[in-house]
Structures are given as structure tokens and as C-alpha cells.
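Listed below are the residues making up each chain.
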Amino acid sequence: MLLKWAGGKSWLTSNYKYIFHSKDSLKKSFKGYKSIKYNNYIEPFLGAGAVFKYLQPKNKSILADINSELICFYNFLKQDPEGLYLHTNKHMQNHSEKYYYMIRSKHTLKDSLEKAARFLYLNRTCYNGIYRVNKAGEFNVPIGDSISFNASEEEFKAYSELLKNSHIVNQDFRKTINDAKKGDLIYVDPPYVTKSNESSFDMYSAHQFNWNSQKELAKMLDQKNQEGVNIIVSNINDKNVARLYLKKNGWDHLALNRANVMSYNAEGKKYKEILFKNF
Ligand SMILES: C[S@@+](CC[C@H](N)C(=O)[O-])C[C@H]1O[C@@H](n2cnc3c(N)ncnc32)[C@H](O)[C@@H]1O
């Protein structure tokens, strides 16, 4: 993966391939799952895009996120992977505490290549790959402990090739989901906010996603379910969240662990994650 992202779903695509019904994951029939065909692939909360990267959709994809710097990065990666690779590597070679804060302070770059390379450099060297901005919209995450970036030029090019049939857009989830049509596949991975804890609100950006958004999202997905869109939602395993996706409305509930093993969290709760699926 080129990016580190809070809430990234590599663990899901590694340990639970079958839930996507993709041919690759279902070479051997698993739990009676059959592979599905879909038209457009839609991801309204893209982040580091682990699921898009895993599925490698053949048809058109609509990839969206509210984070404008993230979307600028993807658009540049699609257009000029070599340029982005070279520029990012230059940053990586110059990396030091002083250099990090100097690049971080460049909040008003105009050139798309410089913006995209700054974004990737800061993402890979900041604390835990967190994206957080201040009230003025300026990235303000401190430097992290280590730098572990060894992506090759080939990896940049392969990602760019993968993005060939995608429309990458900076917009709110409401607009993206609204455009989904019967026969499309949507993978939905919102920030994990609950009724009593809206703190992942902080983790991505200044505006955006709270408990009311969770409720609105579920309502929109109920509507799209009725219209015949294939939907998979990742979320936090919380009783109020689960009530937003009623089984009687066609939602299957699958509680999952990040690792494909039984483990308990501090409260003795077994599964921290849940998936809601309508197919
Ligand atoms: C849990 S992350 C997605 C992680 C992704 N699945 C991955 O594998 O890296 C949630 C994403 O939602 C985005 N987001 C937050 N509020 C949003 C909104 N209102 N509309 C669209 N995207 C939003 C954040 O910028 C963040 O990238």
C-alpha cells in the first residue's frame, strides 16, 4: 500500500476475502457464497482504498472522499506515476525532523505534483499515518517514529494503471451514494462514530462525520438496497449502529475480528467490527 490510513482495511481483504464474492476469493466455494457480477464499483469513503485495490474492478469505478488532498494525490498518481515516484523519493531521501516540519509548513502549494508528493511524504512519515488539520485546514500531525517507505516505481505505475477506469472525486458521501444505480456495488467504510463517542471525528479532518451522519448514511443505504444496489458496509460493532441496519430490511450482520482468530477486547467483547451486507 502506498498510503497508511487510520481505519485502513488491509486486514479485511487479507483475512475475509470471501465476503466480497469476488471470483478470486471464491475459487473454492466458501460458505455457499457465489461470485457476483456488478456494473460500477463505488467507494464513497476511499481512504487508502484497500478494498478497491483488492477487487481491481474491471468496469468503471467511482472513488470518492471528503479529503481534498487525498483526492488530489490519487488524481496525480493516475496521471503521472513516474513524476510522483521521483518527487516523493526526493522527500524521503531528505527526511529529517527539520525537513519534515519545513515541508509540513508548505500549506499553500499550487503545483499538483508538489502537493501530491508532499501529501504522500507526510502521510508516510507523520505520527501513525493520521490525517488531522487545524481550524484553518492546515495539516498539523507531528513527525512519527520511523520511516518505512520502500515502494518501487513499478508499484506506482501499477496503481496508476489500476486507476485507469476510475473517476476520482472530492465529495461528500451523500452525493456519491446518491449516484449509485441498480446492479452497482458499493463498499462503504465510514469513520467509526457511535452515539456516545464521536471521537474518530478527529482522526480524519476538520468537518464531516458525526452520529447524525451515521443515521443519514444508513437511511440512504436502506433506500439504495430497495433500488437493487449491492452493498457492503464496514462499521464498529456497537448496538446502536447495528440498529440502523435492520435484518428485516434485508441486512445480514457479520461480526468480525481484525485478526481471523477469536480475541477479546478490554470489556470482554469478542468482535470489534461488523459488516452489514444485503446480498
Ligand atoms: C475508515 S476511513 C476509510 C478507510 C479505507 N477503507 C481504507 O482501506 O483505507 C474513512 C474515510 O472517510 C472519509 N470521510 C469522512 N467524512 C466523510 C464524508 N462526509 N464524505 C466522504 N468521505 C468522508 C475520511 O476522509 C476517511 O478517508
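Refer to the structure presented above.
1. Brief notes about the nonpolar core
For step 1, the next point in the chain: In terms of nonpolar packing, the biggest core is built from 52 residues, with Phe 73, Leu 77, Ala 116, Ile 186 and Val 188 touching the most fellow members.
For step 2, the next point in the chain: Counting contributing residues per domain, this core is built from domain 1 (10-66 + 171-203 + 211-277) and domain 2 (72-156), each supplying no fewer than three.
For step 3, the next point in the chain: Residues within four places of Leu 77 in sequence aside, it is in contact with Leu 84, Ala 116, Phe 156, Tyr 159, Ser 160 and Leu 163.

2. Observations regarding the site of the ligand
For step 1, the next point in the chain: The full set close to the ligand counts 22 residues, and Gly 7, Phe 45, Gly 47, Ala 48 and Ala 50 are the nearest of them.
For step 2, the next point in the chain: A breakdown of the residues in the shell around the ligand according to their chemical character gives 11 nonpolar, seven polar and four charged.

3. Quick word on the sheet that holds strand E4 (residues 185-188)
For step 1, the next point in the chain: On the basis of which strands lie adjacent, the open sheet formed by seven strands has the order E3-E2-E1-E4-E5-E7-E6 and mixed pairing. The sheet terminates laterally at strand E3 (166-170) and strand E6 (252-256), the two strands that pair on one side only. Across the sheet, the mean angle separating the axes of adjacent strands is 15° when strand polarity is ignored.
For step 2, the next point in the chain: Sheet topology places E6 next to strand E7 (residues 273-277); five bridges connect them, and they run antiparallel. Residue pairing for E7: Asp 252 is matched across the bridge by Lys 277.
For step 3, the next point in the chain: Contacting strand E2 (61-65) and E3, helix H3 (residues 68-79) runs over the sheet at an angle of about 155° to E3.

4. Observations regarding helix H10 (residues 211-226)
For step 1, the next point in the chain: Taking 1.5 Å per residue, 16 residues should reach 22 Å; H10 reaches 23 Å between its end C-alpha atoms and fits that length.
For step 2, the next point in the chain: Taken together, the buried positions of H10 are occupied by Gln 214, Leu 217, Ala 218, Leu 221 and Lys 224. End-on, the buried residues of H10 take up no more than an arc of 125°, which puts them together on one face. Exposed residues lying more than 90 degrees from the buried face of H10 are Asn 212, Lys 219 and Gln 226.
For step 3, the next point in the chain: Against the buried residues of H10 lie helix H8 (173-178), E4, strand E5 (230-236) and helix H11 (239-242).
For step 4, the next point in the chain: Downstream of H10 by a residue or two, Gly 228 has a phi angle that is positive, lying close to 95°.

Thresholds applied
- Here, residues in each chain are numbered from 1, in the same order as that chain's written sequence.
- Reporting in this predicted model follows two pLDDT cut-offs: at least 70 for local features of residues, and 80 or more for side-chain atom pairs to be given and counted; totals over whole chains, interfaces and linings ignore these cut-offs and use all residues.
- Put simply, a nonpolar core is a cluster of buried Ala, Val, Leu, Ile, Met, Phe, Trp, Tyr and Cys residues tied together by C-beta atoms within 7 Å.
- Residues with at least 20 other C-beta atoms within 10 Å of their own are called buried, those with 12 or fewer are called exposed, and the rest are partly exposed. The C-beta atoms themselves are positioned from the backbone.
- Residue ranges labeled as domains rest on an automatic or database domain assignment.
- Placing C-beta atoms from the backbone, we regard two residues as in contact once those atoms come within 7 Å.
- The C-beta atom of each residue is placed using the backbone, and any residue whose C-beta lies within 6 Å of a molecule or strand is treated as near it.
- Residues are sorted three ways: Asp, Glu, Lys and Arg are charged, Ala, Val, Leu, Ile, Met, Phe, Trp, Tyr, Cys and Pro are nonpolar, and all the rest, Gly among them, are polar.
- We call two strands paired when DSSP finds no fewer than two bridges between them.
- Strands are runs of DSSP state E lasting at least two residues, helices are runs of H or I lasting at least four, and both sets are numbered from the N terminus onward.
- Angles shown run from 0 to 180 degrees and are taken between the N-to-C directions of axes, each axis being a line fitted to C-alpha atoms and, for helices, limited to the stretch in contact.
- Given a helix with a known number of residues, its expected span is that number minus one, times 1.5 Å.
- It is the directions from the helix axis to the C-beta atoms whose arc is reported.

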